[in-house]
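Listed here are the chains, written in short residue letters.
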Amino acid sequence: MRQTRIDQFICAVLISCLLTPWHLAAANDLTIPPSGQQPERIELPRDLLPPGDLFNNEADYVFQPEDMEMQNFDLWDRIRKGFAIPDLNNPLVATHTTWYSARPEYIQRTTQRASRYLFHVVQELEKRQMPTELALLPFIESAFNPQAYSTAKAAGMWQFIPSTGRDFNLKQNAFRDERRDVVASTHAALDYLQKLYRMFGDWQLALAAYNWGEGSVSRAIAKAEAAGRATDFNSLSDYMPSETRNYYPKLQAVKNIIATPMQYGIRLPVVENQPYFVSINKTRDIDIKLAAQLAELPMEEFKALNPQFNRPVITGSNSTNILLPALNAQKFKENLGKWTHALSSWTAHKVIAARERIETIAAKFKTTPQVIREANSIPPNMHAKAGSTLLVPRLESTTYKDIADDVVDNSVLKVEAYAPELKQITVKVGKKDTMTSIAKRHKVTLAQIREWNGLKTDKVLMGQELKLEVKPGKEKPEKTTEKVKEKIKVKEKKDSKSSSKAGNKTSETKRSKRQER
């Protein structure tokens, strides 16, 4: 039964290739199944799996072909047929339609980039019975760039900020950021949009909330109702910030162009109404470079389909998937069967010491600081703070072992600038000194003084010696107060006058003695 399914799948791929021009073959591939459905899992034949000591005889790679009905029209037609949100007409829509239509090169670049992902998004929308113009939303959010990162720390094709991403189960750790995962982020974005639609009962307001937040839209509705105004998108625009006021009009403008591109002098690239990629379950670690090599896929294309991986290694787990065009997935399977070496050359190292330097870590793992920095995206003159998990080369003497799931899931990377080595000095407590005055004078904290001297309180005694750590050349001598300076000046004046009087008396005595003579 299993072999029959594999034969059926291979036949389907071959027929698709025969019916497709060779230059479009790479685009006419299979994708993963729709969210919420359990796909048929076709295990690779055991004779094509790598050696057992590396894979423990597991079916490491599993194809998940998508069940779909092929249509004769292209994907743009399919999208147009699913338009379901009422059109918005206002001056902002006209402005943005003019802006986009005046930039055909931009439209061309963005739609070509979108061609990798559109089929999957459209299929997900149809499975959920959602309007297909929502497939164009990444056009506004990220120009369909899954590597996009905003100043507000929003990431990925759907531009999730960290907190909202976590709300929708998008993992974010040192090894991967699922906000950039094409499949996971699409699933999360559609979940979020459905939630917003249930809240507001209006897709235009749901989209405003996607941009502005549901709380902000709810407050705007309350204000409008209190003022006796309508609560549709146009009526609420006066309460919205500029970005949100323009947000849906931009989507409407793109929708207008996609609906009738020739009217605006735009020629859309052909996007086949077929899946672009397959999903392969990955349960063992593998270097990204090796994965692309085995798939015979350029690194740029591999990363475009798998942008969620932050490091040079893909850490395997039951939930890890990589995306490949179907023909490349077949090559990957064949090349993997012939591979007899380790799949990953990396392991993890947790920084424990507060001042553990990159140079020290590099020496420990017999590599260079530059390799450590590049693998972990650590800028020059920065170091990893304690608690950070770093990717480091696997030593030949180390037993082959994947990075543990809990290490990956809890991994973080926090960096800070290198601080200069501190110099230890000893300060004697003066008569009027307090720990606060000493801390302020030497630019340290009370907590640091307590830690350096093993103190439990902030009380100090005159004559007590305290150890401090300060920057070389930066320790400041005890400052003389203004009152002390004034006393010194007064004393100098008195000394000067006394000296002058004494001098005058001496002169008078000499004169008197001369006269007596």
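The structure presented is a predicted model; accordingly, all values stated were derived computationally and were not measured.

(A) Broad picture of the overall build of the chain. When its secondary structure is counted, the chain shows 22 helices and 12 strands. For the chain, the proportion of contacts with a sequence separation of at least 24, taken over those separated by at least 6, is 72%.

(B) Molecular detail of the confidence of the model for the chain. Residue-level pLDDT values for the chain average 84, and 77% of them are 70 or greater. Here residues 9-59 is modelled with pLDDT under 50, and outside its nearest four sequence neighbours on either side it reaches 109 contacts, counting other chains as well.

(C) Looking closely at the nonpolar core. Ranked by size, the top nonpolar core spans 67 residues in total, and within it Trp 158, Phe 160, Leu 193, Leu 207 and Tyr 210 carry the most contacts. Counting residues per element, this core draws most heavily on helix α9 (residues 182-200), which supplies 10 residues. Non-local contacts of Tyr 210, meaning those with residues more than four positions away in its chain, are made with Leu 137, Glu 141, Trp 158, Phe 160, Ala 189, Tyr 192, Leu 193, Leu 196 and Tyr 247. In this structure, Leu 294, Phe 309, Ile 314 and Ala 326 belong to the second largest nonpolar core, which totals 20 residues.

(D) Representation of the side chain of Arg 78 within the structure. You can see Arg 78 is positioned in helix α3 (residues 75-81). Polar side-chain contacts of Arg 78 include one of 2.6 Å to the side chain of Glu 126. Polar side-chain contacts of Arg 78 include one of 2.8 Å to the side chain of Asn 273.

(E) Expanded view of the pattern of salt bridges. Evaluation of the coordinates by the stated rule reveals 16 salt bridges. Two residues, Arg 116 and Glu 301, come together in a salt bridge whose shortest N-O distance is 3.0 Å. Here the residue Arg 116 occupies a position in the loop between α5 (104-114) and α6 (118-127), and Glu 301 occupies one in helix α15 (residues 299-305), the gap between them amounting to 185 residues. Of the two residues examined, Arg 116 and Glu 301, each falls in the buried class. We note a salt bridge from Arg 128 to Asp 191, for which the minimum N-O separation is 2.7 Å.

(F) Spotlight on the packing of helix α4 (residues 91-101) against helix α13 (residues 242-259). Viewed as axis vectors pointing N to C, α4 and α13 meet at an angle of 55°, and their least axial separation amounts to 8 Å. Our classification of the angle between α4 and α13 gives oblique. α13 is crossed by α4, and the crossing has right-handed handedness. Along the contact surface, α4 presents Leu 92, Val 93, His 96, Thr 97, Tyr 100 and Ser 101, while α13 presents Arg 245, Asn 246, Pro 249, Lys 250, Gln 252, Ala 253, Val 254, Asn 256 and Ile 257. Of the residues that constitute the contact of α4 with α13, the class distribution is 7 nonpolar, 6 polar and 2 charged.

(G) Examining the packing of helix α20 (residues 435-442) against helix α21 (residues 446-453) more closely. Viewed as axis vectors pointing N to C, α20 and α21 meet at an angle of 105°, and their least axial separation amounts to 9 Å. With respect to α21, the element α20 is oriented roughly perpendicular. For the pair α20 and α21, the contacting residues are Met 435, Thr 436, Ile 438 and Ala 439 in the first and Leu 446, Ile 449 and Arg 450 in the second. Looking at the contact of α20 with α21, its residues break down into 5 nonpolar, 1 polar and 1 charged.

(H) Looking closely at the packing of aromatic side chains. Inspection of the entire model under this criterion finds 10 aromatic pairs. Ring centres of Tyr 106 and Phe 139 lie 6.0 Å apart, and the angle between their planes is 80°; this geometry places the pair in the edge-to-face category. Residue Tyr 106 is located in helix α5, and its partner Phe 139 is located in helix α7 (residues 137-141); the two are separated by 33 residues in the primary sequence. Under the relative-accessibility criterion, Tyr 106 is labelled partly exposed at 23%. Owing to a relative accessible area of 3%, Phe 139 belongs among the buried residues under this scheme. Considering the side-chain rings of Tyr 197 and Trp 203, the 4.3 Å spacing of their centres and the 10° angle between planes classify their relative orientation as stacked.

(I) Up close: unusual backbone geometry. Notably, Ser 377 is not glycine yet its phi reads approximately 55°, a positive angle. In this structure, Ser 377 sits in the loop between α18 (369-376) and β8 (382-384). Residue class for Ser 377 comes out exposed when judged on its relative accessible area of 53%.

(J) Layout of the environment of Ile 322. In this fold, Ile 322 is placed in strand β6 (residues 321-324). Note on Ile 322: relative accessible area 0%, which makes it buried. It is 5.7 Å that separates the C-alpha atoms of Ile 322 and Ser 279, two residues lying 43 residues apart in sequence.

(K) Structural context of the environment of Asn 453. Note that Asn 453 resides in helix α21. With 13 residues separating them along the chain, Asn 453 and Leu 466 place their C-alpha atoms 6.6 Å apart. Ignoring sequence-local partners within four residues, the contact set of Asn 453 consists of Glu 465, Leu 466 and Lys 467.

Basis of the calculations
Residues numbered from 1 in each chain as written. Predicted model: local features only at pLDDT ≥ 70, side-chain atom pairs only at ≥ 80, totals over all residues. Heavy atoms only, no water. Helix = DSSP H or I, 4+ residues; strand = E, 2+ residues; numbered from the N terminus. Contact = heavy atoms within 4.5 Å. pLDDT = per-residue confidence, 0-100. Core = buried A, V, L, I, M, F, W, Y, C linked by side-chain atoms within 4.5 Å. Buried < 20%, exposed > 50% of the residue type's maximum accessible area, 1.4 Å probe, protein only. Polar contact = N/O pair within 3.5 Å; in protein donor to acceptor, adjacent residues only side chain to side chain. Salt bridge = Lys/Arg side-chain N within 4 Å of Asp/Glu carboxyl O. Axes fitted to C-alpha atoms, helices over the stretch in contact; angles between N-to-C directions. Parallel < 35°, antiparallel > 145°, perpendicular 65-115°, else oblique. Left-handed = near helix turned anticlockwise from the far one by under 90°. Nonpolar A, V, L, I, M, F, W, Y, C, P; charged D, E, K, R; others polar. Phe/Tyr/Trp six-rings, centres within 6.5 Å; stacked < 30°, edge-to-face > 60°.

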